[in-house]
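Inside the fold
Read off the chains here:
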Amino acid sequence: QVQLVESGGGLVQSGDSLRLSCIGSGFTISSYWMYWVRQAPGKGLEWVSSINTGGDRTYYIDSVKGRFTVSRDNAKNTLDLQMNSLKPEDTALYYCARSLRWSSVDYWGQGTQVTVSS
């Protein structure tokens, strides 16, 4: 059974840091591109970051560049998102997701809530 489980969210103040983690089970993440996607209250899904299978190529939405860092540990089957200099506009439910290269996302986690107060 494929599962993605996120953790690490919380309530922080503007300027603080958080580290989100996502652990995969029932599959080997090394075969998959992995993503972080967020959904702010009352808004649609927003792609945040991608990382390729080897972890040597990363991509970010402009609004988080220089503040967020995505990484993966294929040996531990985990995906992380280090978030620094958090802003109130980063408040959202953060999901991790997977896809095969050039394919659509086929599994999502349940999400972890990040709330940044001003």
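Structure first, text after, so check above.
Now for a look at the structure at hand.

Reading guide: rules and limits
Residues numbered from 1 in each chain as written. Predicted model: local features only at pLDDT ≥ 70, side-chain atom pairs only at ≥ 80, totals over all residues. Heavy atoms only, no water. Pairing = 2+ DSSP bridges. Helix = DSSP H or I, 4+ residues; strand = E, 2+ residues; numbered from the N terminus. Axes fitted to C-alpha atoms, helices over the stretch in contact; angles between N-to-C directions. Buried < 20%, exposed > 50% of the residue type's maximum accessible area, 1.4 Å probe, protein only. Polar contact = N/O pair within 3.5 Å; in protein donor to acceptor, adjacent residues only side chain to side chain. Contact = heavy atoms within 4.5 Å. Disulfide = S-S within 2.5 Å.

This part takes up the sheet that holds strand E1 (residues 3-7). Within a sheet, adjacent strands bond to each other through the backbone by hydrogen bonds, running parallel or antiparallel. The strand order E1-E3-E8-E7 describes an open sheet built from four strands, whose pairing is antiparallel. Strands at the two margins of the open sheet, each flanked by one partner only, are E1 and strand E7 (68-73). Between one strand and the next, the sheet's axes are offset by a mean angle of 15°, whatever the strand orientation. Where E1 meets strand E3 (residues 18-25), five bridges bridge the pair, whose relative direction is antiparallel. Looking at E3, one finds that Leu4 is bridged to Gly24.

Its identity as a non-glycine residue notwithstanding, Asn77 has a phi of 60°, on the positive side. Look at Trp102: it is not a glycine, yet its phi comes out positive at around 65°. Position of Trp102 among the secondary structure elements: in the loop between strand E9 (92-99) and strand E10 (107-108). Under the relative-accessibility criterion, Trp102 is labelled exposed at 77%.

The next point concerns the side chain of Arg67. Structurally, Arg67 is set in the loop between strand E6 (58-60) and E7. Among the residues examined, Arg67 registers a relative accessible area of 10% and is labelled buried. Polar side-chain contacts of Arg67 include one of 2.9 Å to the backbone oxygen of Ser63. What Arg67 contacts, discounting residues up to four positions off in sequence, is Gln82, Met83, Asn84, Ser85, Leu86, Lys87 and Asp90.

A word on the state of the cysteines. Enumeration according to the criterion identifies one disulfide in this entry. The residue that forms a disulfide with Cys22 is Cys96, at a sulfur-sulfur distance of 2.0 Å. Taking the sign of the S-S torsion, 50° for the link of Cys22 and Cys96, the bridge is right-handed. Pair noted here: Cys22 is in strand E3 and Cys96 is in strand E9, with a separation of 74 residues, a long-range link. Residue classification places Cys22 among the buried residues on the basis of a relative accessible area of 2%. Taking relative accessible area as the criterion, Cys96 reaches 0% and is therefore assigned buried.

For the rest of this paragraph, the subject is the pairing of strand E4 (residues 33-39). Among the seven residues of E4, six are classified as buried, and the element is accordingly described as predominantly covered. Where E4 and E9 come together, seven bridges link them in antiparallel fashion. Bridge pairing links Val37 to Tyr95 in E9. Bridge count between E4 and strand E5 (residues 45-51): six bridges; the pairing is antiparallel. Paired with Trp36 across the strands is Ser49, a residue of E5. If you look at the hairpin formed by E4 and E5, you'll find five residues sitting between the two strands, and Gly42 has a positive phi there, around 75°.

Purely geometric numbers; function is a separate question.
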